[in-house]
Amino acid sequence: MREHRDHPTAEQIYHDVHERNAKVSRATVYRNLNLLDDNGEIQQVAAPIANRFDLRCDPHYHMMCVRCGSVVDAPLEYQKAYDELVAKTSGFQVVSHQTLFKGLCPDCQKENGESQSE
């Protein structure tokens, strides 16, 4: 996991581990990723098709390309005020929130002949 600077799926991590040691099972990798998430050592990012994992554990947002599936950190500061507003208006005790922005990454825009300004 530490070698990834992207946001890999559990399956991608399993393949990396399996290349190094074929005796490690898929269940072991999945179990350990969930344990690391539970312990706050990594963060699980809820994403369509497959959840992703992130070494960065501070509250922050993500962006996902709807064409290639890449997930990257969004350049936006976490908005604690949203937690407070939802708590105030709902009575729900909010501890955090996740936001995933969806769109086309710059590489997929180039392939499609689109620009970010369009």
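My aim in this report is to walk through the structure given alongside it, one point at a time.

Reading the values: rules and limits
- Residues numbered from 1 in each chain as written.
- Predicted model: local features only at pLDDT ≥ 70, side-chain atom pairs only at ≥ 80, totals over all residues.
- Heavy atoms only, no water.
- Helix = DSSP H or I, 4+ residues; strand = E, 2+ residues; numbered from the N terminus.
- Axes fitted to C-alpha atoms, helices over the stretch in contact; angles between N-to-C directions.
- Parallel < 35°, antiparallel > 145°, perpendicular 65-115°, else oblique.
- Left-handed = near helix turned anticlockwise from the far one by under 90°.
- Contact = heavy atoms within 4.5 Å.
- Phe/Tyr/Trp six-rings, centres within 6.5 Å; stacked < 30°, edge-to-face > 60°.
- Buried < 20%, exposed > 50% of the residue type's maximum accessible area, 1.4 Å probe, protein only.
- Pairing = 2+ DSSP bridges.

## Some remarks on the environment of Phe92
As for its position among the elements, Phe92 is in the loop between α3 (80–90) and β5 (100–103). Linking Phe92 and Gln79, residues 13 residues apart in sequence, is a C-alpha distance of 17 Å.

## A few points about the packing of helix α1 (residues 10–20) against helix α2 (residues 26–38)
For the pair α1 and α2, the least separation of the axes is 9 Å and the interaxial angle reads 125°. Relative to α2, the element α1 is oriented oblique. In this structure, the crossing between α1 and α2 has a hand that is right-handed. Two secondary-structure elements touch here, α1 through Ala10, Glu11, Ile13, Tyr14 and Val17 and α2 through Arg26, Val29, Tyr30 and Leu33.

## Section: the packing of aromatic side chains
One pass over the structure, following the stated rule, counts two aromatic pairs. Centroid distance Tyr61 to Tyr78: 5.7 Å. Interplanar angle 25°. Geometry classified as stacked. With a gap of 17 residues between them, Tyr61 in the loop between β2 (52–54) and β3 (62–65) and Tyr78 in the loop between β4 (71–73) and α3 connect regions that are remote in the sequence. For the pair formed by Tyr61 and Tyr78, the shared burial category is buried. The interplanar angle of 85° and the centroid separation of 6.3 Å between the aromatic rings of Tyr61 and Phe101 together place this pair among those described as edge-to-face. Here Phe101 lies in strand β5 and Tyr61 lies in the loop between β2 and β3, a separation of 40 residues in the sequence. Counting every residue linked through ring pairs, the aromatic cluster contains Tyr61, Tyr78 and Phe101.

## Structural notes on the side chain of Thr9
Looking at the element boundaries, Thr9 is found in the segment before α1. If near-sequence neighbours (up to four positions away) are discounted, Thr9 is found in contact with Ala50, Asn51, Arg52 and Phe53.

## Regarding the sheet that holds β3
Pairing within the open sheet is mixed, and its three strands lie in the order β4-β3-β5. Whereas interior strands pair on both sides, the edge strands pair on one side only; in this sheet they are β4 and β5. Pairwise comparison of adjacent strand axes, ignoring direction, gives a mean angle of 25° for this sheet. For β3 and β5, the ladder comprises four bridges, and the chain directions are parallel. From the neighbouring strand, Met64 faces β5, where its bridge partner is Lys102.

In short, the description is geometric, and any link to function would need to be established separately.
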